[in-house]
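Topology and contacts: notes
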Number of protein chains: 2
Amino acid sequence: MKLDQATIKDLARELNVSSSTISRALKDYPGISEETKRKVKELAAKMNYRPNALARSLRKSQSFTIGVIIPEVVHFFFSTVISGIEEVAFARGYNVILTQTNEKYIREKTSIDTMLANQIDGLMVSYSKETKDFSHFSELLEKNFPIVFFDRVPKLENTLNVTVDDYSGAYAATQHLIQQGYRKIFHLAGPKYLSISQERQRGYLSALEDYGIQPQPNWIIESSKGNENEARDITAEILKKADPRPDAFFAHNDMAAVGAMMACREAGLKVPDQIGIVGFSDWQFCTMLEPSLSSVAQPGFQMGVRATELLLDLIDKKGDMDASKNSLVLKTELLIRKSSQKP
Amino acid sequence: MKLDQATIKDLARELNVSSSTISRALKDYPGISEETKRKVKELAAKMNYRPNALARSLRKSQSFTIGVIIPEVVHFFFSTVISGIEEVAFARGYNVILTQTNEKYIREKTSIDTMLANQIDGLMVSYSKETKDFSHFSELLEKNFPIVFFDRVPKLENTLNVTVDDYSGAYAATQHLIQQGYRKIFHLAGPKYLSISQERQRGYLSALEDYGIQPQPNWIIESSKGNENEARDITAEILKKADPRPDAFFAHNDMAAVGAMMACREAGLKVPDQIGIVGFSDWQFCTMLEPSLSSVAQPGFQMGVRATELLLDLIDKKGDMDASKNSLVLKTELLIRKSSQKP
DNA sequence: CCTTCACGTGCAAACGTTTGAATAAGGCGA
DNA sequence: TCGCCTTATTCAAACGTTTGCACGTGAAGG
């Protein structure tokens, strides 16, 4: 099972030169004759030489590896972000080591530890729902360790963040519902302590306010798991009890929107005629539903790309970057489909 | 940005002992006094010592890292598999380095190269649609390098594979359609050269044959991209031209099934009354559709788990395992929903 | 003929661990 | 008192690179 890879020493022995010469020849250092370079490269190819990245990293104390910490992989948005990360990392010669926290704080901490032990050059994080204490990040930040946060960003000073304009997206969604003539617009909110949930809720409230609609306290219900079953139950409950009844739902994510849609259908309510629904994230299935689901698209791939570019730049510069200047807020886009358009 | 981690040498200097003592004390080697061990561990904790995994790997020529090569991350099934992989790897102290090939052969090759350069201990692969030549794998296999293939497995001798029983799943799906009274069952097939596509098609044909149904050549149409738009176009075409007209579709994946469903709806055909549809993979959205989509569930998470267990066992044993004995075929399960049940 | 310089290469240390073998210090029996 | 065993520790090499510096050679310049 050992691969018995040829090493620089093997090449050196074969050609009767020193390891340094081999090393330099392979890297096209000046001061090595063309002749030697040619011979070395030929032999390297012939022996299928593959540099030992570990040794190189150890020597250079740079591993060309970045760590990515994500709540869960099986999630349309996050997997899209990963895809973007992977693209840029690959293109720039970096490896990606990935762990998912499954929304567990403890796992987030230990993952970071093993990643650091593996000498990652930088870290990209979207933290877990459980995480309330950010000291494991701030300790690193203090030492100027390169970290870029994406999507879910902590309330810490001077961090590099890549987020999506949740506020505007939510505002646009709510505004659209209002313009369609819906008035009693309920909000299926995300976990309170996540900044994204707060922003979405804020956008929702602003839109209502701007249009002179006074939301009742019971219009906002937390659907923290964000899956369709939870939302379905919650919605069913609302439809039974709430007075006045909602005539629209703005959900903090698409799964919740689908749950609401199901509950409405089961309650015999027509979407969009009697109830309007808008989700958030634009998961693949939005266009597959009947009626198709209006949703706020988040540029996940872009987020991965930009966040990685930011991180790699930060690593390359080996210096600080002005967080306030370099943090990014990506645009969201409301995609209006059938579920929110009154006939 | 350098983290300036304390090293064994730092601890040694501090305590006025040698590096070896520190190393052994930390690892609870016999032959180190309890007193010393205590002191070392205390200091290590105090100085926030974190062993340099790179150095360790270099020395031990084992990196506790495995490589995972996957066609694409943004894919329900594959992301589920990754999740399973990640769980097991994490639990057993292995890192996962991940790359997606985007179905490109060239990228598959270069990814393997950089992973090998990074001294991965083993490899898990689901190869790309483009890959026709498997020599990059067979070369490694010859040297007894640990590889486990999952889902898409190559036609090579003596490889460790974890697959899903595509044949039986397809058979069950087709049989179910027949039993529901559908007769002219078309098959939206996957890329010809993928073993999974072949198996699914084989199961489809077997079922037809067992029930004495003679498929016409035009009943099988390749929908190789496997996305809903392609399938929708293909299906629309079929509905217009095929004679006799299909009364059911068995699609090689759920996206294609959705495409078919859309095309049927647009052609004014009622599902399941006039047309039955069954997909494959049981993506999340199956239950969200109206009518809900019958599908063959594949245990993706299980696949990730079992494949990783197999690989890590193989690595630990540092020896061969009997591929024929250890390869796994996981059970599929037909989930019957509305799209295929005649009223 | 001696210095100077450029060129091509080699030496050796370093990165942070691990580990077989050597060493030192006690303790104990004869 | 000597030898021997045990116990705790150190030495030094190794893993495969990279890299500052030194070295040797031959040619050009004075």
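This text gives an overview of the structure that appears in the document. Everything numeric here is computed off the predicted structure, so don't read it as measured data.

Thresholds applied
Residues numbered from 1 in each chain as written. Chains lettered and ligands numbered in written order. Predicted model: local features only at pLDDT ≥ 70, side-chain atom pairs only at ≥ 80, totals over all residues. Least-squares fit on C-alpha atoms with pLDDT ≥ 70 in both. Contact = placed C-beta atoms within 7 Å. Pairing = 2+ DSSP bridges. Helix = DSSP H or I, 4+ residues; strand = E, 2+ residues; numbered from the N terminus. Axes fitted to C-alpha atoms, helices over the stretch in contact; angles between N-to-C directions. Buried ≥ 20, exposed ≤ 12 C-beta atoms within 10 Å, placed from the backbone. Right-handed = clockwise from strand over helix to strand, strands pointing away. Near = placed C-beta within 6 Å. Nonpolar A, V, L, I, M, F, W, Y, C, P; charged D, E, K, R; others polar.

1. Remarks on the relation of the copies chain B and chain A
In screw terms, the move from chain B to chain A is a rotation of 180 degrees and a rise of 0.0 Å along the axis, fitting with an RMSD of 0.1 Å. Taken together, the rotation angle and the small translation identify this as a two-fold axis. Among all C-alpha atoms of chain B, that of B:Ile97 lies closest to the rotation axis, at 2.2 Å. Most of the interface of chain B is mirrored in chain A, where 100% of its interface residues again form contacts.

2. What to know about the sheet that holds strand β8 (residues 248-251) of chain B
All names here are of chain B. Sheet architecture is open: six strands sit in the order β7-β6-β8-β9-β10-β12, paired in mixed fashion. This sheet does not close on itself; its edge strands, each paired only once, are β7 (220-222) and β12 (333-335). Put simply, the sheet's adjacent strands are angled 20 degrees from each other on average, direction ignored. Alignment of strand β9 (residues 276-281) against strand β10 (residues 294-297), held across four bridges, turns out to be parallel. Counterpart to Gly 279 in the pairing with β10 is Ser 295. Across the face of the sheet, helix α9 (residues 195-210) comes into contact with β6 (185-189), β7, β8 and β9 while running at roughly 170 degrees to β6.

3. Quick notes on the pairing of strand β8 (residues 248-251) of chain A
Residues and elements named next belong to chain A. Burial along β8 is two-sided: the residues Ala 248 and Phe 250 and Phe 249 and Ala 251 are all buried. Pairing of strand β6 (residues 185-189) with β8 involves four bridges; the strand directions are parallel. Opposite Ile 185, over in β8, you have Ala 248 as the bridge partner. Bridge count for β8 against strand β9 (residues 276-281) is three bridges, and the pairing is parallel. Of the residues in β9, the one forming a bridge with Phe 250 is Val 278. Read from β8 through helix α11 (residues 254-266) to β9, the crossover connection turns out right-handed.

4. Thoughts on the protein's contact with DNA strand D
DNA strand D sits among 26 residues. The nearest are A:Ile8, A:Ser20, A:Asn52, A:Ala55 and B:Ser20. Put simply, the parts of the chain that give the surface near DNA strand D at least two residues each are α1 (8-15), α2 (19-26) and α4 (53-60) of chain A together with α2 (19-26) and α4 (53-60) of chain B. The element best represented in the surface near DNA strand D is α4(A), accounting for five residues. Partitioned by chemical class, the residues of the surface near DNA strand D number seven nonpolar, 13 polar and six charged.

5. Some points on the protein's contact with DNA strand C
By nearness alone, 26 residues border DNA strand C, and A:Ser20, B:Ile8, B:Ser20, B:Asn52 and B:Ala55 come closest of all. If you list the elements that add at least two residues to the surface near DNA strand C, you get α2 and α4 of chain A together with α1 (8-15), α2 and α4 of chain B. No other element matches the five residues that α4(B) contributes to the surface near DNA strand C. Split by residue class, the surface near DNA strand C holds seven nonpolar, 13 polar and six charged.

6. Some words on the environment of A:Val271
All names here are of chain A. Considering the arrangement of structural elements, one finds Val 271 in the loop between α11 and β9. For Val 271, a count of 22 C-beta atoms within 10 Å gives the class buried. Taking the C-alpha atoms as reference points, Val 271 and Ser 340, separated by 69 residues in sequence, lie 7.6 Å from one another. Apart from residues no more than four positions distant in its own chain, Val 271 is found in contact with Met 261, Cys 264, Ile 277, Pro 291 and Ser 339.

7. Re the sheet that holds strand β12 (residues 333-335) of chain A
Residue and element names in this part refer to chain A. Taken together, the six strands give an open sheet; going across it, the order is β7-β6-β8-β9-β10-β12, and neighbouring strands pair in mixed fashion. Each of the sheet's edge strands pairs with one partner strand only, and the pair in question is β7 (220-222) and β12. Each strand axis lies, on average, 20 degrees off the axis of its neighbour in the sheet, ignoring direction. Where helix α10 (residues 228-241) meets the sheet, it contacts β6, β7 and β8, and its direction lies at approximately 150 degrees from that of β6. Its contacts with the sheet put α11 on β6, β8, β9 and β10 (294-297), and the angle it makes with β9 is roughly 160 degrees.

8. A closer look at the pairing of strand β1 (residues 65-70) of chain A
Residue and element names in this part refer to chain A. With six of its six residues buried, β1 lies for the most part within the structure. The alternating pattern of β1 places Thr 65, Gly 67 and Ile 69 and Ile 66, Val 68 and Ile 70 on opposite faces, both of which are buried. Pairing of β1 with strand β2 (residues 95-100), which is carried by six bridges, proceeds in the parallel orientation. Looking across to β2, one finds that Val 68 is bridged to Leu 98. Once the chain exits β1 it traverses helix α5 (residues 76-91) before rejoining the sheet at β2, and the crossover so formed is right-handed. By the bridge criterion, four bridges tie β1 to strand β3 (residues 122-125) in an arrangement that is parallel. Within the sheet, the bridge partner assigned to Gly 67 lies in β3 and is Leu 123.

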